[in-house]
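What follows is the residue order along each chain.
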Amino acid sequence: MPAKDIYHQVVKQALIKAGWKITHDPYPLVWAKRNLSIDLGAEQLLAAENNERKIAVEVKSFIRESRIADLEQALGQYTLYYDILKRTESERKLYLALPLNAFTELFEGEMFGQILLDNNRLNLVVFNPKTEEIVQWIA
């Protein structure tokens, strides 16, 4: 099993605070006889619709010197998991969790990451590591 990201527990707590039930830690993903795993699986009951939302969350810390290198690595993993999940459990939506400071730098400050949001393939969970709270959902 791969090592957990340094913010794994922070994101898990943030999801619980936001009303999500953690169903998998990690979420197993099997493809072509390979055993992979997404960091977290969660569900949330939507009372108004009497329905459940299911998500999988890949947590990334973005702590290396180059945020672009971190983003490139995270996107490769996210894309692979996204495509596998789409075929194996299409009702579960994949999110990439990243800390607020990385989001601000990559997606707001210089707008570098805006191209990734424009294609409607990247779903983000932006979290505050200090307060262990979800700051923003982008889908």
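All values reported here derive from a predicted model rather than from experimental measurement.

About the cut-offs
- Residues numbered from 1 in each chain as written.
- Predicted model: local features only at pLDDT ≥ 70, side-chain atom pairs only at ≥ 80, totals over all residues.
- Heavy atoms only, no water.
- Helix = DSSP H or I, 4+ residues; strand = E, 2+ residues; numbered from the N terminus.
- Rg over C-alpha atoms; globule rule 2.2 N^0.38 Å.
- Buried < 20%, exposed > 50% of the residue type's maximum accessible area, 1.4 Å probe, protein only.
- Areas by Shrake-Rupley, 256 points an atom, 1.4 Å probe, with all protein chains shown as cover.
- Lys, Arg positive; Asp, Glu negative; His and termini not counted.
- Charge placed at Lys NZ, Arg CZ, Asp CG, Glu CD.
- Contact = heavy atoms within 4.5 Å.
- Salt bridge = Lys/Arg side-chain N within 4 Å of Asp/Glu carboxyl O.
- Arc of directions from axis to C-beta.
- 1 Å grid on protein atoms, 1.4 Å probe; cavity = no way out; pocket = protein on both sides within 12 Å on 5 of 7 lines; lining within 4 Å.
- Points joined across faces, edges and corners; volume = space filled by probe spheres on them.
- Nonpolar A, V, L, I, M, F, W, Y, C, P; charged D, E, K, R; others polar.

Q: Describe the overall build of the protein, listing the residues and the values that go with them.
A: Across its full length, the protein holds four helices and eight strands. Ordering the α and β elements of the protein from the N terminus gives α-β-β-β-β-β-α-β-α-α-β-β. Taken over C-alpha atoms, the radius of gyration comes to 15 Å for the protein, in line with the 14 Å a tight globule of 139 residues would show. Oriented by its inertia axes, the alpha-carbon framework of the protein measures out at about 40 × 35 × 30 Å. Within the protein, buried positions represent 44% of all 139 residues. Counting every atom, the protein has about 7,900 Å² of accessible surface; 49% of that belongs to carbon and sulfur. If the 17 positive side-chain charges of the protein are averaged to one point and the 19 negative ones to another, these points end up 6 Å apart.

Q: Provide a residue-level description of helix α1 (residues 8–17), including the pertinent values.
A: Residues of α1 that are buried: His8, Val10, Val11, Lys12, Ala14 and Leu15. In this structure, the buried residues of α1 make contact with β1 (21–24), β4 (40–46), β5 (51–59), β6 (92–99), β7 (124–128) and β8 (133–138). Count one or two residues on from α1 and you reach Gly19, which has phi positive near 95°.

Q: Please set out the pattern of salt bridges residue by residue, giving values where relevant.
A: As enumerated under the stated definition, the model contains seven salt bridges in all. Residue Glu58 is joined to Lys60 by a salt bridge in which the shortest nitrogen-to-oxygen separation is 3.3 Å. Each member of the pair, Glu58 as well as Lys60, is classed as buried. Across the salt bridge formed by Glu105 and Arg67, the nearest N and O atoms sit 2.9 Å from each other. Here Arg67 lies in helix α2 (residues 67–88) and Glu105 lies in helix α3 (residues 100–109), a separation of 38 residues in the sequence. A relative accessible area of 16% means that Arg67 is categorised as buried. Through salt bridges that share partners, Lys4, Lys12 and Asp25 make up one connected network.

Q: Residue-level account of α3, with values.
A: Of all the positions in α3, only Ala102, Phe103, Leu106 and Phe107 are classed as buried. All buried residues of α3 lie within an arc of 95° about the axis, which places them on one face of the element. Lining the buried residues of α3 we find α2, β6, α4 (114–118), β7 and β8.

Q: Run through the layout of surface pockets, naming residues and quoting values.
A: There is about 340 Å³ of room inside the largest pocket. In terms of lining residues, the largest pocket is bounded by 22 residues, among which Asp5, Glu58, Val59, Lys60 and Gln77 are the most central. Among the secondary structure elements, those contributing two or more residues to the lining of the largest pocket are β5 and α2. Tallied by class, the residues present in the lining of the largest pocket amount to nine nonpolar, five polar and eight charged. In this structure, the second largest pocket occupies an estimated 190 Å³ of space. Lining the second largest pocket we find Tyr82, Leu85, Lys86, Glu89, Ser90, Glu91, Arg92, Lys93, Leu94, Asn120, Arg121 and Asn123.

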